[in-house]
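What follows is the residue order along each chain.
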Amino acid sequence: MEDRKLSVADRMQHSAELSTERAALVKATYGHLFWAVAAAGVGAWYGSTSPFILNLLSKWYGWILALLVINAVPYLAITARHNPTLGFPLLLLDGFLAGIVLGPAVALAAYMTGDYSLVLKAGLITLLVFTAVTAVIWTSGKRYSAPKGLIGGMFIAIIGAVLLNMWMPSGLFGILISAGIGIFGVLLLVYATSDILYDEGIDSPIIGAIMLFSGLFNVFTAILNILLAFGGGDD
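Residues numbered from 1 in each chain as written. Predicted model: local features only at pLDDT ≥ 70, side-chain atom pairs only at ≥ 80, totals over all residues. Heavy atoms only, no water.

Engineer: With reference to specific residues and values, describe the overall build of the protein chain.
Structural biologist: From N to C terminus, the protein chain includes 10 helices and 2 strands. Going residue by residue from the N terminus, the α and β elements of the protein chain occur as α-β-α-α-α-α-α-α-β-α-α-α. Burial status across the protein chain gives 46% buried among its 235 residues. In the protein chain, of all internal contacts separated by at least 6 residues, the share reaching a separation of at least 24 is 80%. (Helix = DSSP H or I, 4+ residues; strand = E, 2+ residues; numbered from the N terminus. Buried < 20%, exposed > 50% of the residue type's maximum accessible area, 1.4 Å probe, protein only. Contact = heavy atoms within 4.5 Å.)

Below is the structure:
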């Protein structure tokens, strides 16, 4: 497949027939992403419950160390992407360490709400976004359609927001916030997926998984911050 430079609008409405190799690469990318997200979940739990990590990341030098590490590990993973012994474990390490860095935010959310309900809600919204786009990718075969991913993802995000509100009531405003951020996450993933499809420099699922993981990481932190801002103080 030729390397294409698409505008933002093109990325959101483009459809293409993929080669067998490229279709397999995209599916493998989302498979790798699943494990990176799982590792991040473990890291976030550890980072939010470990006194050592919370104390370290409360210091300026702790954050400098964290920034150095979470930027160095993805670089090492990409460098070792064709090494089956090192590439995938480094991807998992990247997810785990990113989760640890989220530890203080997760702990703050738990403290403000008295439990992990807010964190759970943010995680479930992120999971809905990931599941929606992944389902489209895995069922599309060699025919990729950005509109299909957008429509399917947005539908699941809206339904998910309504269902979450039934389980954890937050009112109409809460539904709109949850659905809005979910839709934004879908847009972000579909946009990033187009890079994997058309950039011939992405020759390993590890590179694609790191790109998509960065997007999901930002989506989760945005969801958590917004939920804290609008719902963290509710009794």
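Engineer: Describe the packing of helix α4 (residues 60–79) against helix α5 (residues 87–101), and please don't skip the residues or the numbers.
Structural biologist: Describing two packed helices takes the angle between their axes plus the distance from one axis to the other. In the contact formed by α4 and α5, the axes pass within 9 Å of each other and the chain directions differ by 155 degrees. Overall, the two elements α4 and α5 adopt an arrangement that is roughly antiparallel. Crossing handedness for the pair α4 and α5: left-handed. Judged by residue contacts, Trp-63, Ala-66, Val-69, Ile-70, Val-73, Pro-74, Leu-76 and Ala-77 of α4 engage Gly-87, Leu-90, Leu-91, Leu-93, Asp-94, Leu-97, Ala-98 and Val-101 from α5. Along the lines of polarity and charge, the residues of the contact of α4 with α5 split into 14 nonpolar, 1 polar and 1 charged. (Axes fitted to C-alpha atoms, helices over the stretch in contact; angles between N-to-C directions. Parallel < 35°, antiparallel > 145°, perpendicular 65-115°, else oblique. Left-handed = near helix turned anticlockwise from the far one by under 90°. Nonpolar A, V, L, I, M, F, W, Y, C, P; charged D, E, K, R; others polar.)

Engineer: Give me the lowdown on the pattern of salt bridges, citing residues and values where you can.
Structural biologist: Where charged atoms from two side chains of opposite charge approach closely, those side chains can pair. Enumeration according to the criterion identifies 1 salt bridge in this entry. Measuring nitrogen to oxygen at the nearest pair gives 2.8 Å for the salt bridge that ties Asp-203 to Arg-81. Note that Asp-203 is positioned in the loop between α9 (171–198) and α10 (205–231) and Arg-81 in the loop between α4 and α5, a separation of 122 residues in sequence. Judged by relative accessible area, which is 25%, Arg-81 ranks as partly exposed. (Salt bridge = Lys/Arg side-chain N within 4 Å of Asp/Glu carboxyl O.)

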